[in-house]
Amino acid sequence: MKIITDSPIHVKLLIGFGSVLLLSFFTIVVTLRGFSSLNNNFNDIVEYNVQAIKVVPDLLQLSTELTAKEKALLTANAEEREEIIFTIKVIKDDLFTKLSEIKKLNTDEASLRDINAFYDAIREYDWLLNRLIDLVSTGRTGDAITLSNTDGKKKVKIVNELSKKITDQQF
């Protein structure tokens, strides 16, 4: 300390300005690192939103197509029935693929719980569709229509409510 107090004024000023420049340099380095981290976090958020924007409308469209094909299956003649059954299987595969994609995107507990509930509802609806296909394929269309009008309407309502809930959460 004695060296600083005995030094001429120009040395004291150089030491003072030097310490200010050194502190400024460290502040700039810390700030730039913070901006870099902020930029990375922002990019992660944007990436997630872009992927969710791609997946969620597909999810809704596929679930809507699936319910429409259920009704078409019940009124189809024998020739159209095979094509509709194939289309239902393709839609179900696409729907489960999209559900897997959206599960990977979400990490918060509430979203995962709702997505799992939607997945379970789709599984139950899948079981119903398989049962309808069996009934229609064996010529029991009347039983299939009854099943569709009772359990089918309940399952479609649950699927639609959960898909709306997922859409509201994603956006």
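Analysis parameters
- Note on numbering: residues in each chain are counted from 1, in written sequence order.
- Given that the model is predicted, a residue must reach a pLDDT of at least 70 before its local features are reported, and side-chain atom pairs must reach 80 or more before they are shown or counted; all residues, however, enter totals for whole chains, interfaces and linings.
- Where side-chain values are given, they derive from all heavy atoms of the structure, hydrogens and water being excluded.
- Per the convention used, a helix needs a DSSP run of H or I reaching at least four residues, while a strand needs a run of E reaching at least two, with both numbered from the N terminus.
- Each residue is placed in one exposure class: buried if its accessible area under a 1.4 Å probe, protein chains only, is under 20% of its type's maximum, exposed if it is over 50%, and partly exposed if it falls in between.
- Between two residues, a contact is recorded if the distance between any of their heavy atoms is within 4.5 Å.
- Throughout, the Shrake-Rupley method with a 1.4 Å probe supplies accessible areas, and for residues the shown protein chains are the sole cover considered.
- The nonpolar core is taken to be a set of buried Ala, Val, Leu, Ile, Met, Phe, Trp, Tyr and Cys residues, with the residues joined through side-chain atoms within 4.5 Å.
- Residues enter a patch when their relative accessible area is above 30% and they make no salt bridge; the linking distance is 9 Å between like charges and 5 Å between nonpolar side chains (Val, Leu, Ile, Met, Phe, Trp, Tyr).
- Salt bridge, as used here, is a side-chain nitrogen of Lys or Arg placed within 4 Å of a carboxyl oxygen of Asp or Glu.
- Aromatic rings from Phe, Tyr and Trp, with only the six-membered ring used for Trp, were paired whenever their centres fell within 6.5 Å, and each pair was classed as stacked if the ring planes differed by under 30 degrees, edge-to-face if by over 60, and tilted otherwise.
- Over a ring means this: the NZ of a Lys or the CZ of an Arg is within 6 Å of the ring centre and within 35 degrees of the ring normal.
- Per residue, pLDDT captures the predictor's confidence, and it can take any value from 0 to 100.

1. Digging into the overall build of the protein
Part 1 of the reasoning: Counting its secondary structure elements, the protein contains five helices and zero strands.
Part 2 of the reasoning: Of all 171 residues assigned to the protein, the portion counted as buried reaches 30%.
Part 3 of the reasoning: Across the protein, the fraction of contacts at a sequence separation of at least 24, relative to all contacts at a separation of at least 6, is 72%.
Part 4 of the reasoning: Taken as a whole, the protein presents about 11200 Å² of accessible surface, with 61% of it coming from carbon and sulfur.

2. Digging into the environment of Val-136
Part 1 of the reasoning: Among the secondary structure elements, Val-136 is positioned in helix H4 (residues 109-137).
Part 2 of the reasoning: Residue classification places Val-136 among the buried positions, given a relative accessible area of 2%.
Part 3 of the reasoning: Along the chain, Val-136 and Asn-77 lie 59 residues apart, while their C-alpha atoms are 10.0 Å from each other.
Part 4 of the reasoning: Every residue in contact with Val-136, bar those within four places of it in the chain, is listed here: Leu-73, Leu-74, Arg-81 and Ala-144.

3. Observations regarding the side chain of Arg-81
Part 1 of the reasoning: The topology assignment puts Arg-81 in helix H3 (residues 78-105).
Part 2 of the reasoning: Leaving out residues up to four positions away in the same chain, Arg-81 has contacts with Leu-73, Ala-76 and Val-136.

4. Here we look at the nonpolar core
Part 1 of the reasoning: In terms of nonpolar packing, the biggest core is built from 30 residues, with Leu-66, Leu-73, Ile-88, Phe-118, Ile-122, Tyr-125 and Leu-132 touching the most fellow members.
Part 2 of the reasoning: For this core, the elements supplying multiple residues, two or more each, are helix H2 (9-75), H3, H4 and helix H5 (141-170).
Part 3 of the reasoning: A per-element tally of this core places H4 first, with 11 residues.
Part 4 of the reasoning: Setting aside chain neighbours within four positions, we find Ile-122 in contact with Leu-95, Phe-96, Leu-99 and Val-159.

5. Observations concerning the environment of Ala-144
Part 1 of the reasoning: Among the secondary structure elements, Ala-144 is positioned in helix H5.
Part 2 of the reasoning: Excluding residues within four positions of it along the chain, Ala-144 makes contact with Leu-74, Leu-132, Leu-135 and Val-136.

6. Thoughts on a nonpolar patch on the surface
Part 1 of the reasoning: Residues Ile-28, Leu-32, Phe-35 and Leu-38 make up a contiguous nonpolar surface patch of about 440 Å² in total accessible area.
Part 2 of the reasoning: With respect to the element layout, Ile-28 can be found in helix H2.

7. What about the packing of aromatic side chains?
Part 1 of the reasoning: Here the structure, examined in full by the defined rule, presents one aromatic pair.
Part 2 of the reasoning: Directly above the aromatic system of Phe-96 lies the positively charged group of Arg-123, at a separation of 4.8 Å from the ring centroid.

8. Observations regarding the pattern of salt bridges
Part 1 of the reasoning: The tally for this structure, following the rule as stated, stands at two salt bridges.
Part 2 of the reasoning: For Asp-126, the salt bridge identified is with Lys-92, shortest N-O distance 2.6 Å. Here the residue Asp-126 occupies a position in helix H4, and Lys-92 occupies one in helix H3, the gap between them amounting to 34 residues.
Part 3 of the reasoning: Asp-126 is the salt-bridge partner of Arg-123, the closest N and O atoms lying 3.8 Å from each other. Here the residue Arg-123 and the residue Asp-126 both occupy positions in helix H4, the gap between them amounting to three residues, near one helical turn.

9. Side note on the confidence of the model for the protein
Part 1 of the reasoning: With 81% of its residues at a pLDDT of 70 or more, the protein shows a mean pLDDT of 77.
Part 2 of the reasoning: Summarising per-element confidence for the protein, the mean pLDDT is lowest in H5 (71) and highest in H2 (80).

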